[in-house]
Amino acid sequence: MWTIEITMCEHLQVSDFRAYMIQTNDKKHVSTLEKCVSCEEFLTLDSEIVPKESIIAPATSAKENMRTMIMQINSDLYDRVLDLIESERLGYESSKIMTELIGLGLHHYSRIHKGDLSRKKTGIPTS
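Notes on the structure follow. On a predicted model such as this, the values are computed, not experimentally measured, just so you know. (Residues numbered from 1 in each chain as written. Predicted model: local features only at pLDDT ≥ 70, side-chain atom pairs only at ≥ 80, totals over all residues. Heavy atoms only, no water.)

### Digging into the overall build of the chain
Here is step 1: Looking only at helices and strands, the chain features two helices and five strands.
Here is step 2: Seen in sequence order, the chain has helices and strands lined up from the N terminus as β-β-β-β-β-α-α.
Here is step 3: Here the chain holds 127 residues, and the buried ones make up 16% of them.
Here is step 4: Looking at the chain alone, contacts between residues at least 24 apart form 39% of all its contacts between residues at least 6 apart.
Here is step 5: For the chain, the accessible area works out to roughly 10900 Å², and carbon and sulfur atoms hold 53% of it. (Helix = DSSP H or I, 4+ residues; strand = E, 2+ residues; numbered from the N terminus. Buried < 20%, exposed > 50% of the residue type's maximum accessible area, 1.4 Å probe, protein only. Contact = heavy atoms within 4.5 Å. Areas by Shrake-Rupley, 256 points an atom, 1.4 Å probe, with all protein chains shown as cover.)

### Here we look at the pairing of strand E2 (residues 27-36)
Here is step 1: Pairing analysis gives nine bridges linking strand E1 (residues 14-24) to E2, with the strands arranged antiparallel. Across the sheet, Gln23 pairs through a bridge with Lys28, a residue of E2.
Here is step 2: Adjacent in sequence and paired antiparallel, E1 and E2 are bridged by two residues, among which Asn25 carries a positive phi angle near 50 degrees.
Here is step 3: Relative to strand E3 (residues 42-43), E2 is paired through two bridges, and the arrangement is antiparallel. Its bridge partner lying in E3, Lys35 is registered against Phe42.
Here is step 4: Remark: five residues form the turn of the hairpin made by E2 and E3, two consecutive strands paired antiparallel; Glu40 in that turn has positive phi of roughly 60 degrees. (Pairing = 2+ DSSP bridges.)

### As for the environment of His107
Here is step 1: Here His107 lies in helix H2 (residues 94-113).
Here is step 2: Distance in space between the C-alpha atoms of His107 and Phe17 is 9.9 Å, their sequence separation being 90 residues.
Here is step 3: Beyond its immediate stretch of four places on either side in the chain, His107 contacts Phe17, Glu34 and Leu45.

Here it is as structure tokens:
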């Protein structure tokens, strides 16, 4: 007698956090997805699996939508970011890597603190 064990991935470690062009129900739209390191499935920010055949390509940001931010970070964090940028040999521009780092950081920060960081809904506190 054979038994089949089905294990459900909990998607605890994700990578490749970026915007993708997706086709669903004959409509194309851009959605931010993350890729599970364990099962290699693409997930929405709500952890719903997106079939790979629905993903058309990574979305590109228009330059007019880009903004500049100046931050002060400690030297250890700065060195770690530089090491990451240098280790990515996939042809990414450093600004794209920084955008992904900030986006992923905001996503996890809001999950940890159970807050919504959307400026449209709650506003970002300035004090």
